[in-house]
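Now for the letters of each chain:
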Amino acid sequence: MFDYHAFFDNNIRHLKAEGRYRVFADLARKAGSFPIAYDYDLRKDVTVWCSNDYLGMGQHPDVLRAMLEAVASYGAGAGGTRNISGNNHAVVELELELAALHGKERALLFTSGYVANEASLSTLASMLPGCVVFSDACNHASMIHGIRSSKAERRIFRHNDVAHLRELLEKEVPGTPKIIAFESVYSMDGDIAPIKEICDLAQEFGAFTYLDEVHAVGLYGPTGAGVAEREGLAHRIDIIQGTLAKAFGVMGGYIAAKEQVVDFIRSNAPGFIFTSAMCPVIAAGLLASVRHLRVSQEERRKLHARVADVKALFKQAGIPFLDAPSHIVPVMVNDAVLCKRASDRLLEEFSIYVQPINYPTVPRGTERLRVTPSPLHTDAMMGELVEAMVTVLGVGQKVREAA
Ligand code: PLP
């Protein structure tokens, strides 16, 4: 008989031996004290340096007020799927706001950014007849999962390599439906896609463009609509996908596109139809967050200034990081065991939380500590981070000795 116990046990032992067994810190964020959280394992306050609540909007007073008022007005839940329970008005309002944010006719909410990608790509690619999907080699698991489950033909182009994409497009029969799926800001290296060049190719070869702006919405562009907005290219993207769980600070995901495209996905995607809708309390908080970030430049300005400060300090201290053109600062350790050890020491000795990033999130041998500065990290916190990094990584001594 199959030994289930041994199978599960072996798997976990294997993960531990490779140094990539995931341990999550038991943290309670403190409203009003971002980026401080209480660590229940270590029984002390820690400074979080790896949150994807990039702007601290999860604790913004406007967002909290809107959610408290919504609980009082609507109660807690969504009441089920939209098929069963209809649309909560707060959800309708949020979709209108997101469509306006991206300059698109319609938006459609999902329970997460993952579900938005999986549901939209699997539906499009499985239903467009003979569809071929062109997917960037570094696309997020949610896009890969959606494309795979569609069973459509897929071609993987080398990361951000427009020449390779062209080569692959040229091999297809003209008239075949094609989707080019890519991200604007890649979350692990922090690099940015050549969006214009990809749109040019899409136009030349008659391909549909699907852009994941998960790590860009709220953060880039004059109204926080993402990199496509910043570069004046949003109108050339057929579907813009985003999350509401990172810069917008709460949770959920969405797509924004032409009315007909949204209607098609709304009407056919199991990941939309057969799951409960976003609850109105969350939608109300998000409406406040999106509205605030469409107007306010303050959070974006401070974020990018802090990122520049952290990078300058890291450079000075000899801390090895990928100097990417975004707000993500990956400190390279390149070894799973050392990366986990460095992260543990940061937490235990310096009360700094930066989780290790290991395979399969990044390729083996490129393990890293992914630092995400926010507008709310202070000068003192930055100083502590640099000192702690220098100690746990054993870097900087060389710099100091050479000086
Ligand atoms: N797309 C990318 C590029 C991501 O990095 C993530 C999550 O980290 C997602 C989609 C999924 O978004 P969510 O966390 O809202 O499910």
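The model shown is predicted, which means the values in this text are computed figures rather than measured ones.

(A) Representation of the site of the ligand. By nearness alone, 14 residues border the ligand, and Gly 113, Asp 212, His 215, Thr 243 and Lys 246 come closest of all. Within the backbone of Tyr 114, an N or O atom sits 2.8 Å from an oxygen atom of the ligand. Contacts to the ligand include Lys 246, whose side-chain N or O atom sits 2.8 Å from an oxygen atom. Protein coverage of the free-state accessible area of the ligand, which is 390 Å², stands at 84%. At three residues, the largest contribution of residues to the shell around the ligand is made by helix α5 (residues 113–127). Grouping the amino acids of the shell around the ligand by side-chain chemistry returns two nonpolar, nine polar and three charged.

(B) Inspection of unusual backbone geometry at higher detail. The residue after Phe 34, namely Pro 35, is reached through a cis peptide bond having omega 10 degrees. Here Pro 35 is to be found in the loop between β1 (27–29) and β2 (36–39). If you check the backbone angles, Asn 334 has positive phi at about 65 degrees while not being a glycine. In this model, Ser 351 sits at a positive phi of 55 degrees, which is unusual for a non-glycine residue. Relative to the helices and strands, Ser 351 resides in the loop between α14 (336–350) and β12 (352–353).

(C) Here's a closer look at the sheet that holds β1. Read across the open sheet, the four strands follow the order β1-β2-β3-β12; overall the sheet is mixed. What marks the edges here is a single partner per strand, and that holds for β1 and β12. Where β1 meets β2, three bridges bridge the pair, whose relative direction is antiparallel. Bridge assignment links Ala 28 to a residue of β2, and that residue is Tyr 38.

(D) Inspection of the pattern of salt bridges at higher detail. Enumeration over the complete set of coordinates arrives at 27 salt bridges. We note a salt bridge from Asp 161 to Arg 158, for which the minimum N-O separation is 3.2 Å. Of the residues examined, Asp 161 reaches a relative accessible area of 21% and is grouped as partly exposed. Residue Lys 196 pairs with Asp 200 through a salt bridge whose shortest N-O separation is 2.7 Å. On the criterion of helical spacing, the pair formed by Lys 196 and Asp 200 is a turn pair, its members being four residues apart in helix α8 (residues 195–205). What makes Lys 196 partly exposed here is its relative accessible area of 42%. A relative accessible area of 29% means that Asp 200 is categorised as partly exposed.

(E) Up close: the packing of α5 against helix α6 (residues 141–150). Closest axis-to-axis distance for the α5/α6 pair is 7 Å, and the angle between their directions is 30 degrees. As judged from the angle between their axes, α5 and α6 are roughly parallel. Once α5 is placed against α6, the crossing between them reads as right-handed. Residue-level inspection shows Tyr 114, Asn 117, Glu 118, Leu 121, Ser 122, Ala 125 and Ser 126 of α5 in contact with α6, the latter providing Ala 141, Ser 142, Met 143, His 145, Gly 146, Ile 147, Ser 149 and Ser 150. In terms of residue class, the contact of α5 with α6 is built from six nonpolar, eight polar and one charged.

(F) Layout of the sheet that holds strand β14 (residues 368–371). Overall, antiparallel pairing links the three strands, which are arranged β11-β14-β13 in an open sheet. Unpaired on one side and paired on the other, β11 (329–332) and β13 (356–357) mark the two borders of the sheet. Pairing analysis gives four bridges linking β11 to β14, with the strands arranged antiparallel. Across the sheet, the residue bridging to Pro 330 is Arg 370, located in β14. Relative to β14, α14 is tilted by about 45 degrees, and along the sheet it contacts β13 and β14.

Criteria and cut-off values
- Residues numbered from 1 in each chain as written.
- Predicted model: local features only at pLDDT ≥ 70, side-chain atom pairs only at ≥ 80, totals over all residues.
- Heavy atoms only, no water.
- Near = heavy atom within 4 Å.
- Polar contact = N/O pair within 3.5 Å; in protein donor to acceptor, adjacent residues only side chain to side chain.
- Areas by Shrake-Rupley, 256 points an atom, 1.4 Å probe, with all protein chains shown as cover.
- Helix = DSSP H or I, 4+ residues; strand = E, 2+ residues; numbered from the N terminus.
- Nonpolar A, V, L, I, M, F, W, Y, C, P; charged D, E, K, R; others polar.
- Pairing = 2+ DSSP bridges.
- Salt bridge = Lys/Arg side-chain N within 4 Å of Asp/Glu carboxyl O.
- Buried < 20%, exposed > 50% of the residue type's maximum accessible area, 1.4 Å probe, protein only.
- Axes fitted to C-alpha atoms, helices over the stretch in contact; angles between N-to-C directions.
- Parallel < 35°, antiparallel > 145°, perpendicular 65-115°, else oblique.
- Left-handed = near helix turned anticlockwise from the far one by under 90°.
- Contact = heavy atoms within 4.5 Å.

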